[in-house]
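For reference, the chains in residue letters:
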Amino acid sequence: MRIIFMGTPAFAVPTLDALVAAGHDVVAAYTQPPRPGGRRGRELVPSPVQRRAEELGIPVRSPVRLRGAEEQAAFAALDADVAVVAAYGLILPQAVLDAPERGCLNVHGSLLPRWRGAAPVQRAILAGDDETGVCIMRMEAGLDTGPVLLDGRVAIGRKTAGELTDELARLGAALMTETLATLDARGALPQPAEGITYAAKIDKAEARIDWSRPAVEVERLVRAMNPAPGAWFEVAGERVKVLAATVLPFSFPGGEGFSVDDRLTIACGDGAIRPTLVQRAGRGVTTAEELLRGFPVPTGTRL
């Protein structure tokens, strides 16, 4: 097929690779414009999709918006059979949705209608869901409301958001190529009217650990915020990220948010956690034991 690809983060790259490997003609890759980044935050950094598309020799387009008539005409002029979308980051106007002969298909990282929206992976972990997955959806004007052509499921277990995103990206790539190969024979099922939830974008303020919450919820927060923005707490005026932690099934007297031993065990509202991987501001990732050798946190310290 003649395909327009639309995506931005690393999640989208496996789908782009799969389209090319399957022999489709990817005529353009739409992605978000380069953003300030780098070590000092001053250089413009292209998206993972832009970098991969350029390696593959695919023309890249990065409009700020798609609502202008000129931009929509340029999109339509590509004369695509279908547009494949994976975490693009812009709402597609109706004129764009209607331009490809066979519509726009989206790789969405949840089991719709659960977790429509921007952060389905993190929200599924935070909610304690047992499983999640990928839906290949025919796009329409609503937010992730379109009918589903194919889906696949995975167990969440103790996976971090980064690990789960990588797994779903690979699954989504496989499901999209299967969908395109059988598109003529495949029907689309409307999403159920029950069970709708929305996955709001992660606010950085959510990453601060609230020690009044149960330990199991704190541990979910740690996994949901790994690798970014990273769950954190403050001690002695310094921010410490927690990248992995173990839940301990017993509580401590004296209230939550205190260090209760020399292993950085921390009392929560119900139970306790013991961080296993941590990171001080501006430093590398270490074990909690390594942290404590150079940065003591005495028993009874308020965090």
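The paragraphs below set out a description of the structure included in this document. (Residues numbered from 1 in each chain as written. Predicted model: local features only at pLDDT ≥ 70, side-chain atom pairs only at ≥ 80, totals over all residues. Heavy atoms only, no water.)

To continue, consider the overall build of the protein chain. Secondary structure assignment for the protein chain yields 8 helices and 16 strands. Reported as C-alpha extents along the three principal axes, the dimensions of the protein chain are approximately 65 × 45 × 30 Å. Relative to its 303 residues, the protein chain shows a buried fraction of 47%. If you sum the accessible surface of the protein chain, you get close to 14,600 Å²; carbon and sulfur atoms cover 51% of it. When the 34 positive and 36 negative side-chain charges of the protein chain are each reduced to one mean point, those points stand 6 Å apart. (Helix = DSSP H or I, 4+ residues; strand = E, 2+ residues; numbered from the N terminus. Buried < 20%, exposed > 50% of the residue type's maximum accessible area, 1.4 Å probe, protein only. Areas by Shrake-Rupley, 256 points an atom, 1.4 Å probe, with all protein chains shown as cover. Lys, Arg positive; Asp, Glu negative; His and termini not counted. Charge placed at Lys NZ, Arg CZ, Asp CG, Glu CD.)

What follows covers the layout of surface pockets. Roughly 150 Å³ of volume is contained in the second largest pocket. Of all the elements, helix α7 (residues 215-224) adds the most residues to the lining of the second largest pocket, at 3 residues. (1 Å grid on protein atoms, 1.4 Å probe; cavity = no way out; pocket = protein on both sides within 12 Å on 5 of 7 lines; lining within 4 Å. Points joined across faces, edges and corners; volume = space filled by probe spheres on them.)

Moving on, we come to the pairing of strand β13 (residues 238-248). The sheet contact formed by strand β12 (residues 231-235) and β13 spans 5 bridges and is antiparallel. Bridge pairing links V235 to E238 in β13. As paired elements, β13 and strand β15 (residues 272-280) share 8 bridges and run antiparallel to each other. In the sheet register, A245 faces β15, and the bridge partner there is P275. (Pairing = 2+ DSSP bridges.)

The biggest cluster of nonpolar side chains holds 37 residues, and the ones touching the most others in it are F5, L19, M176 and L180. With residues near it in sequence (within four places) discarded, L19 still touches I3, F5, H24, V26, V84, M176, T177 and L180. V222, V240, C268 and L303 belong to the second largest nonpolar core, which has 28 residues in total. (Core = buried A, V, L, I, M, F, W, Y, C linked by side-chain atoms within 4.5 Å. Contact = heavy atoms within 4.5 Å.)

Cis geometry marks the peptide bond from N226 to P227, where omega comes out at 20°. Relative to the helices and strands, P227 is located in the loop between α7 and β12. Here A228 and P229 are connected by a cis peptide whose omega angle stands at 5°. Relative to the elements of secondary structure, P229 occurs in the loop between α7 and β12. With phi around 55°, A87 is a residue other than glycine that occupies positive phi space. Relative to the helices and strands, A87 is located in the loop between β6 (82-86) and α4 (94-98). By relative accessible area, A87 is classed as partly exposed at 35%. Phi is positive for W115, which is not a glycine, with a value near 65°. Looking at where W115 falls in the secondary structure, it is placed in the loop between β7 (104-108) and β8 (116-117). The class for W115 is buried, based on a relative accessible area of 11%.

Here the focus is the environment of V148. Looking at the element boundaries, V148 is found in strand β10 (residues 148-155). For the pair V148 and Q191, spaced 43 residues apart in sequence, the C-alpha separation works out to 6.8 Å. Those residues within four positions of V148 in sequence are excluded, and the remaining contacts are L112, C135, I136, M137, G187, A188, L189 and Q191.

Below, the discussion takes up the packing of helix α1 (residues 13-21) against helix α2 (residues 48-55). Contact geometry of α1 with α2 gives a least axis separation of 9 Å together with a crossing angle of 20°. Judged by the angle between their axes, α1 and α2 are roughly parallel. When you trace α1 past α2, the crossing you get is right-handed. Of α2, the residues touching α1 (which contributes V13, L16 and D17) are P48, V49, R52 and A53. Partitioning the contact of α1 with α2 into residue classes produces 5 nonpolar, no polar and 2 charged. (Axes fitted to C-alpha atoms, helices over the stretch in contact; angles between N-to-C directions. Parallel < 35°, antiparallel > 145°, perpendicular 65-115°, else oblique. Left-handed = near helix turned anticlockwise from the far one by under 90°. Nonpolar A, V, L, I, M, F, W, Y, C, P; charged D, E, K, R; others polar.)

Okay, helix α6 (residues 161-181) next. Compared with an ideal rise of 1.5 Å per residue, which puts 21 residues at 30 Å, α6 spans 30 Å between its outermost C-alpha atoms and is within 8% of the ideal. Considered for burial, the residues of α6 that qualify are A161, G162, L164, L168, A169, G172, A173, L175, M176, T179 and L180. (Expected span 1.5 Å × (residues − 1).)

Another point: the state of the cysteines. For the coordinates displayed, the defined rule picks out 0 disulfides. No disulfide involves C104; its sulfur sits 17 Å from the nearest other cysteine sulfur, which is in C135. What makes C135 buried here is its relative accessible area of 2%. (Disulfide = S-S within 2.5 Å.)

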